[in-house]
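So the chains spell out like this:
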Amino acid sequence: LKFYDYLQRNDGGGSNLKRVGLGYFPLQIGPSSKDDIIQLRGVIALRDIPKGEPIIEIPYEMALDLGRESADPTLPATAFLQKYCAWKSSSDSVPPG
């Protein structure tokens, strides 16, 4: 929630945030049944954004390092999510780093 508060206080984190929207995208993971489709959440451009122009500006203190650019962030993101869920379900007061 602090992240969304930051975006509201700071012009949406950048002028391009108004050019994108969040959406769910179907992904077929099996042969053909409805149960073989999952929904991925992501960002979609609503208007043209020139190559190399930032979509959102995130302060260093709020950023998560999920590895090198062009590397698949799935494994580090999953590990972070597992740590976060374990922290939320425990009584620890310090979030995972």
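One structure accompanies this document, and this report is about it.

Calculation notes
- Residues numbered from 1 in each chain as written.
- Predicted model: local features only at pLDDT ≥ 70, side-chain atom pairs only at ≥ 80, totals over all residues.
- Heavy atoms only, no water.
- Helix = DSSP H or I, 4+ residues; strand = E, 2+ residues; numbered from the N terminus.
- Contact = heavy atoms within 4.5 Å.
- Areas by Shrake-Rupley, 256 points an atom, 1.4 Å probe, with all protein chains shown as cover.
- Patch = residues over 30% accessible without salt bridge, like charges linked within 9 Å, V, L, I, M, F, W, Y side chains within 5 Å.
- Salt bridge = Lys/Arg side-chain N within 4 Å of Asp/Glu carboxyl O.
- Buried < 20%, exposed > 50% of the residue type's maximum accessible area, 1.4 Å probe, protein only.

### Describing the overall build of the chain
Here's step 1: The helix and strand tally for the chain stands at two helices and two strands.
Here's step 2: Secondary structure elements in the chain, listed N-terminal to C-terminal, are α-β-β-α.
Here's step 3: In the chain, of all internal contacts separated by at least 6 residues, the share reaching a separation of at least 24 is 42%.
Here's step 4: Accessible surface, the chain as shown: approximately 8500 Å² in total, 57% of it carbon and sulfur.

### Overview of a nonpolar patch on the surface
Here's step 1: Taken together, F25, L27, I29, I38, L40, I44 and L46 make up a surface patch of nonpolar side chains, about 590 Å² in accessible area.
Here's step 2: Secondary structure elements with two or more residues in the nonpolar patch: β1 (20–28) and β2 (37–45).
Here's step 3: Broken down by element, the residue count for the nonpolar patch peaks at three residues, all from β2.
Here's step 4: With respect to the element layout, I38 can be found in strand β2.

### Examining the pattern of salt bridges
Here's step 1: Taken as a whole and judged by the stated rule, the model has one salt bridge.
Here's step 2: The salt bridge involving R19 is made with E53; its shortest N-O contact spans 3.5 Å. Of this pair, R19 sits in the loop between α1 (2–9) and β1 while E53 sits in the loop between β2 and α2 (74–89), and the two are 34 residues apart along the sequence.
Here's step 3: Judged by its relative accessible area of 23%, R19 is partly exposed.

### Let's talk about the environment of Y24
Here's step 1: Looking at where Y24 falls in the secondary structure, it is placed in strand β1.
Here's step 2: For Y24, a relative accessible area of 57% translates into the label exposed.
Here's step 3: Sequence spacing of Y24 and I44 is 20 residues, and the spatial spacing of their C-alpha atoms is 9.5 Å.
Here's step 4: Excluding residues that lie within four positions of it along the chain, Y24 makes contacts with Q39, L40 and R41.

### Here's the deal with the environment of V43
Here's step 1: Assignment of secondary structure puts V43 in strand β2.
Here's step 2: For V43, a relative accessible area of 52% translates into the label exposed.
Here's step 3: Residues V43 and G21 lie 22 residues apart in sequence; the distance between their C-alpha atoms is 5.7 Å.
Here's step 4: Not counting residues up to four positions away in its chain, the partners in contact with V43 are V20, G21, L22 and F25.

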